[in-house]
Amino acid sequence: MQVTKRAPLREIFGWCMFDFANSSYTTVIITVIYCRVFAEVIVPISSNPANPYEDGNFLFGLALFFSYLLVVLTGPLFGAISDFSAKKKTFLFWSYLSCVISTAAFWLVATPGSWELGFGLIILSNFFFASGENFASSFLPHLGPKEELGKISGYAWGVGYMGGLLSVFLVQTLVAPSIDPAIYGSLRFVGPLTALFFLLAGIPTFLLLKEYQPAIKIPTGESYLTIGFKQLSESIKSIRHFKDLVIYLISLFFSMAALAIVIAFAFLYGNQEIKITSGQEATLFVMLQFFAMIGAIFFGFVQDKIGAKKTFNITLVFWIFCLIGIYFVREITGFVNGLGVDISVQWVFVIFGTLAGSGVGSTQSASRAIVGVFSPESKSGEFFGLWGLSGKLAAAIGVFAIGILQKIFDLRNAFLVVAVFFFISLIINTFVNEKRGIEKAKDWERNGGH
């Protein structure tokens, strides 16, 4: 049955709190702190003086590549099983707990140079994080009418950036004031402290969020695994009826590849290529989180007014503009200083990075909402599994590509591929018909899945 009214506020709050909780992992571990600990401290410095951290960057990207491939292989199947069994919440809980445990285990990487264990833990923890992201997103179509999904998704992304900001502040204050091999004993606690934050902040989700579909009895001679494969097979067949969702997932592939690179390498780029100071890094992080939160919430309202497709395209254009600015940051700085303004390259980078930050949450929020409005409720788990398939496969290829490219060229030129990916995504998305996609989802429900 089609949802006609918004879910109770407590349930929406519980769902949003999972974004608040899991943002601690992606922000502390993948984006800001542990990515540098691994690439610059744990992995030995390379023999290339022009790019001494190229080996660390490559191994960090390679670990993410393997973890995303695991999500690609399991995501659609898990989505199909969770839909049939009506155990989305159970799947979400075990992915959450597994991510907490594997993140805490970063403490076991006892000495710099012993990168193999850290490499394996990045694969495991990011796999559980990304899987949980898929499970959490599959609740979205049940939380309100399709006309409000952009707003609800925007709330969650906005709350998520507050969680990222708070978790980084706690970790930097308590255990990681700088990324210095001399304080590695303290840096070992980055993982456990992040895991504790995730664990505690995630509790409201499991107290307030509920299952929205009744369980279906398993037929004699079947198991969840065999049913899952059958459901997945049916999903692949049925998605042919959702032309606009298919086109959008192809477009999403390129934008998610770009975003994965930004999330994993933005602060590595700022520190290694632009040489921003610790104070500038702190300013960039705080402003980026603030603008990302505002962007996610603002564009959520915009999406409900002008449509998901237009909103998504606006964020892509904005990204392309900011990334070109970052690539030419030295030239832009020289031009501005020629006009009589005294500003450093590092601060101009902070400005462009801050502007780009408003696109991080809005692009991801819009992508999640588009899949929500294009998905029949009865197949939300399966289609969000396919969303995960497209996004995580893209992420795997994106981080692997930049890891290779920065060894062939340099980090600056490798980073330019992000703007190219966003441009390709924009072109493909022009072929999506949003109204037709929404009607197809409604027709599927009205016709009982036919």
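Keep in mind that this is a model prediction, so the values were computed, not measured.

Chemist: Could you give an account of the packing of helix 4 (residues 88-104) against helix 5 (residues 115-137), with specific residues and numbers?
Modeler: Axes are the key here: two packed helices are described by the angle between their axes and the distance separating the axes. Where helix 4 meets helix 5, the closest approach of the two axes is 8 Å, and the angle between their N-to-C directions is 155°. Viewed along their axes, helix 4 and helix 5 adopt a mutual orientation that is roughly antiparallel. Of the two possible hands of crossing, helix 4 and helix 5 adopt the one that is left-handed. Across the interface between the two elements, F91, L92, S95, S98, C99, S102 and T103 of helix 4 pack against L121, L124, S125, F128, F129, G132, F135 and A136 of helix 5. Here the contact of helix 4 with helix 5 is composed, by residue class, of nine nonpolar, six polar and no charged.

Chemist: Would you mind going over the packing of helix 4 against helix 8 (residues 190-201) in detail, with residue names and values included?
Modeler: Two numbers describe how helix 4 lies on helix 8: the axes approach to 7 Å, and their chain directions differ by 160°. Between helix 4 and helix 8, the angle falls in the class roughly antiparallel. Regarding helix 4 and helix 8, the two cross each other, and that crossing is left-handed. Contact residues: helix 4 offers Y96, C99, V100, T103 and A104, while helix 8 offers G191, P192, T194, A195, F198 and L199. Taken together, the residues of the contact of helix 4 with helix 8 break down into eight nonpolar, three polar and no charged.

Chemist: I'd love a proper account of the environment of F197, names of residues and values included.
Modeler: Position of F197 relative to the elements: it lies in helix 8. In the structure, F197 is positioned 172 residues away from Y25 in sequence and 8.9 Å away in space, judged by C-alpha atoms. Every residue in contact with F197, bar those within four places of it in the chain, is listed here: F20, A21, S24, G163, L166, S167 and L170.

Chemist: Lay out helix 12 (residues 278-306) in plain terms, naming residues and giving numbers.
Modeler: One turn of an α-helix holds 3.6 residues; hence residues three or four places apart share an orientation. Spanning 29 residues, helix 12 covers 40 Å between terminal C-alpha atoms, matching the ideal 42 Å at 1.5 Å per step. Trailing helix 12 by a residue or two, G307 shows a phi angle of about 105°, which is positive.

Chemist: Please provide a residue-by-residue account of the environment of A308, values included.
Modeler: Along the chain, the position of A308 falls in helix 13 (residues 308-327). When the C-alpha positions of A308 and A369 are compared, they lie 7.2 Å apart, and in sequence the two are 61 residues distant. When near neighbours in sequence (up to four residues on either side) are disregarded, A308 contacts Q303, I370 and E434.

Chemist: Break down the packing of aromatic side chains for me, citing the residues and quoting the values.
Modeler: Taken as a whole, this structure holds 30 aromatic pairs when the rule is applied. With 5.5 Å between their ring centres and 55° between their planes, F65 and F66 make a pair best called tilted. In this structure an aromatic cluster arises from ring pairing among F18, F93, W94, Y96, F198 and F206. Taking NZ or CZ as reference, K407 lies 5.7 Å from the ring centre of F58, over its face. Over the ring of Y327 we find R412, and its NZ or CZ is 4.0 Å from the ring centre.

Chemist: Which residues make up the nonpolar core, and what values do they have?
Modeler: W15 and Y34 are the most contacted members of the largest nonpolar core, which has 137 residues in total. Among the elements that take part in this core, helix 11 (residues 243-274) stands out by supplying 20 residues, more than any other. When sequence neighbours within four positions are dropped, the list of residues in contact with Y34 reads V28, I29, I42, F106, V109, I122 and V190.

Chemist: Mind laying out empty space enclosed by the protein, listing which residues take part and the relevant values?
Modeler: Enumeration according to the criterion identifies four cavities of 30 Å³ or more in this entry. In this structure, the largest cavity is lined by 47 residues; those nearest its centre are T26, L259, I263, V360 and Q364. Looking at the lining of the largest cavity, the elements that each hand over two or more residues are helix 1 (9-32), helix 5, helix 6 (149-174), helix 11, helix 12, helix 13, helix 15 (345-374) and helix 16 (380-408). Within the lining of the largest cavity, the residues separate by chemical class into 29 nonpolar, 14 polar and four charged.

Chemist: So what's going on with the pattern of salt bridges? Which residues, and what values?
Modeler: What the rule picks out here adds up to 10 salt bridges. Its salt-bridge partner being R36, residue E281 comes within 3.6 Å of it at the nearest N-O pair. Separated by 245 residues along the polypeptide, E281 in helix 12 and R36 in helix 2 (residues 34-42) bring together distant segments of the chain. Using a relative accessible area of 11% as the deciding quantity, one classes R36 as buried. The salt bridge involving R330 is made with E273; its shortest N-O contact spans 3.5 Å. With R330 in helix 14 (residues 329-338) and E273 in helix 11, this pair connects stretches of sequence that are 57 residues apart. You can call E273 buried: its relative accessible area is 19%. Sharing partners across several salt bridges, the network here consists of R36, E40 and E281.

Chemist: Requested: an account of the environment of F253, with residues and values cited.
Modeler: Considering the arrangement of structural elements, one finds F253 in helix 11. Taking C-alpha positions, F253 is 9.0 Å from L389, a pair spaced 136 residues apart along the chain. Each residue touching F253, except ones within four places of it in the same chain, is listed here: S390, L393, A394 and I397.

Calculation notes
Residues numbered from 1 in each chain as written. Predicted model: local features only at pLDDT ≥ 70, side-chain atom pairs only at ≥ 80, totals over all residues. Heavy atoms only, no water. Axes fitted to C-alpha atoms, helices over the stretch in contact; angles between N-to-C directions. Helix = DSSP H or I, 4+ residues; strand = E, 2+ residues; numbered from the N terminus. Parallel < 35°, antiparallel > 145°, perpendicular 65-115°, else oblique. Left-handed = near helix turned anticlockwise from the far one by under 90°. Contact = heavy atoms within 4.5 Å. Nonpolar A, V, L, I, M, F, W, Y, C, P; charged D, E, K, R; others polar. Expected span 1.5 Å × (residues − 1). Phe/Tyr/Trp six-rings, centres within 6.5 Å; stacked < 30°, edge-to-face > 60°. Lys NZ or Arg CZ within 6 Å of the ring centre and 35° of its normal. Core = buried A, V, L, I, M, F, W, Y, C linked by side-chain atoms within 4.5 Å. Buried < 20%, exposed > 50% of the residue type's maximum accessible area, 1.4 Å probe, protein only. 1 Å grid on protein atoms, 1.4 Å probe; cavity = no way out; pocket = protein on both sides within 12 Å on 5 of 7 lines; lining within 4 Å. Points joined across faces, edges and corners; volume = space filled by probe spheres on them. Salt bridge = Lys/Arg side-chain N within 4 Å of Asp/Glu carboxyl O.

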